[in-house]
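# Tertiary structure, described
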Amino acid sequence: MSAVNYYTKEGLDKLKEELNHLKTKGRADMAKQIAEARDKGDLSENAEYDAAKDAQGLLELKISKLEAVVGNARVIDESSLDTSKVGILSTVTIKNKKNGMEVKYQIVAEEEADLKMNKISIKSPIGKGLLGKKQGELAKIKVPAGEMEFEVIDISY
């Protein structure tokens, strides 16, 4: 049984779109590759056919995993979120106590994380370390480079 994960409406729509694409175009493309490889002769010595069948298996595995994720996904009701502390969907401004640098992140589900968009996973070391913190509190977080200390400057949704 997979754990329930919470998503923004946009994040869940994106997952559903990807799943639909894999089930339609992905499967159609895979069937075409297998048919082309099959047309090339003896299947017992046809490496292209074996590779296409392996790729088909991987595609079906990806589809089933994505179906499980979508099946256990819930859209977050933003009106019920506690805005006094950091939680999922919080946009939090933190200040690195060592170098004084400020960064703003949104805490999101693992599949929605995108560092370029300043969206970090709730399961990442920094995401976990900030959970439950209130404005003005310090968070000591173990990261691969050691331990870092951040001050929560602002929390918004």
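It should be noted that the structure appears before, not after, this text.
Residues numbered from 1 in each chain as written. Predicted model: local features only at pLDDT ≥ 70, side-chain atom pairs only at ≥ 80, totals over all residues. Heavy atoms only, no water.

### Quick look at the layout of surface pockets
Put simply, the largest pocket is a space of about 270 Å³. Every residue lining the largest pocket is counted, 13 residues in all, and those nearest its centre are Gly11, Lys14, Glu111, Glu112 and Lys119. Of the residues forming the lining of the largest pocket, the biggest block, five residues, is contributed by helix α1 (residues 9-38). Broken down by class, the residue content of the lining of the largest pocket amounts to four nonpolar, two polar and seven charged. (1 Å grid on protein atoms, 1.4 Å probe; cavity = no way out; pocket = protein on both sides within 12 Å on 5 of 7 lines; lining within 4 Å. Points joined across faces, edges and corners; volume = space filled by probe spheres on them. Helix = DSSP H or I, 4+ residues; strand = E, 2+ residues; numbered from the N terminus. Nonpolar A, V, L, I, M, F, W, Y, C, P; charged D, E, K, R; others polar.)

### As for the sheet that holds strand β5 (residues 119-121)
One open sheet holds the five strands; their spatial order is β5-β4-β3-β7-β6, and the pairing between them is mixed. Because the sheet does not close on itself, it has two edges, and the strands there are β5 and β6 (138-143). Across this sheet, the average inter-strand angle for adjacent strands is 45°, counted without regard to direction. Direction of pairing for strand β4 (residues 102-108) relative to β5: parallel, over a ladder of three bridges. By the bridge assignment for β5, Gln106 is matched with Lys119. (Pairing = 2+ DSSP bridges. Axes fitted to C-alpha atoms, helices over the stretch in contact; angles between N-to-C directions.)

### Side note on helix α2 (residues 47-71)
With 25 residues, α2 extends 36 Å from end C-alpha to end C-alpha; this agrees with the ideal 36 Å at 1.5 Å per step. Those residues of α2 hidden inside the fold are in contact with α1 and β2 (73-75). The opening residue of α2 is Asn46, an N-cap whose side-chain oxygen sits 3.2 Å from the backbone nitrogen of Glu48. (Expected span 1.5 Å × (residues − 1). Contact = heavy atoms within 4.5 Å. Polar contact = N/O pair within 3.5 Å; in protein donor to acceptor, adjacent residues only side chain to side chain.)

### What to know about unusual backbone geometry
Phi at Leu89 is positive, roughly 75°, even though this residue is not glycine. Mapped onto the elements of the fold, Leu89 is located in the loop between β2 and β3 (91-96). Non-glycine residue Asn118 carries a positive phi angle of around 60°. Following the sequence through the fold, Asn118 ends up in the loop between β4 and β5. For Asn118, a relative accessible area of 32% gives the class partly exposed. (Buried < 20%, exposed > 50% of the residue type's maximum accessible area, 1.4 Å probe, protein only.)

### Here's the deal with the side chain of Glu112
Note on placement: Glu112 falls in the loop between β4 and β5. In this structure, Glu112 is buried with no salt-bridge partner, the nearest side chain bearing the opposite charge being Lys119 at 5.0 Å. Setting aside residues up to four positions removed in sequence, Glu112 forms contacts with Tyr6, Tyr7, Thr8, Gly11 and Lys119. (Lys, Arg positive; Asp, Glu negative; His and termini not counted. Salt bridge = Lys/Arg side-chain N within 4 Å of Asp/Glu carboxyl O.)

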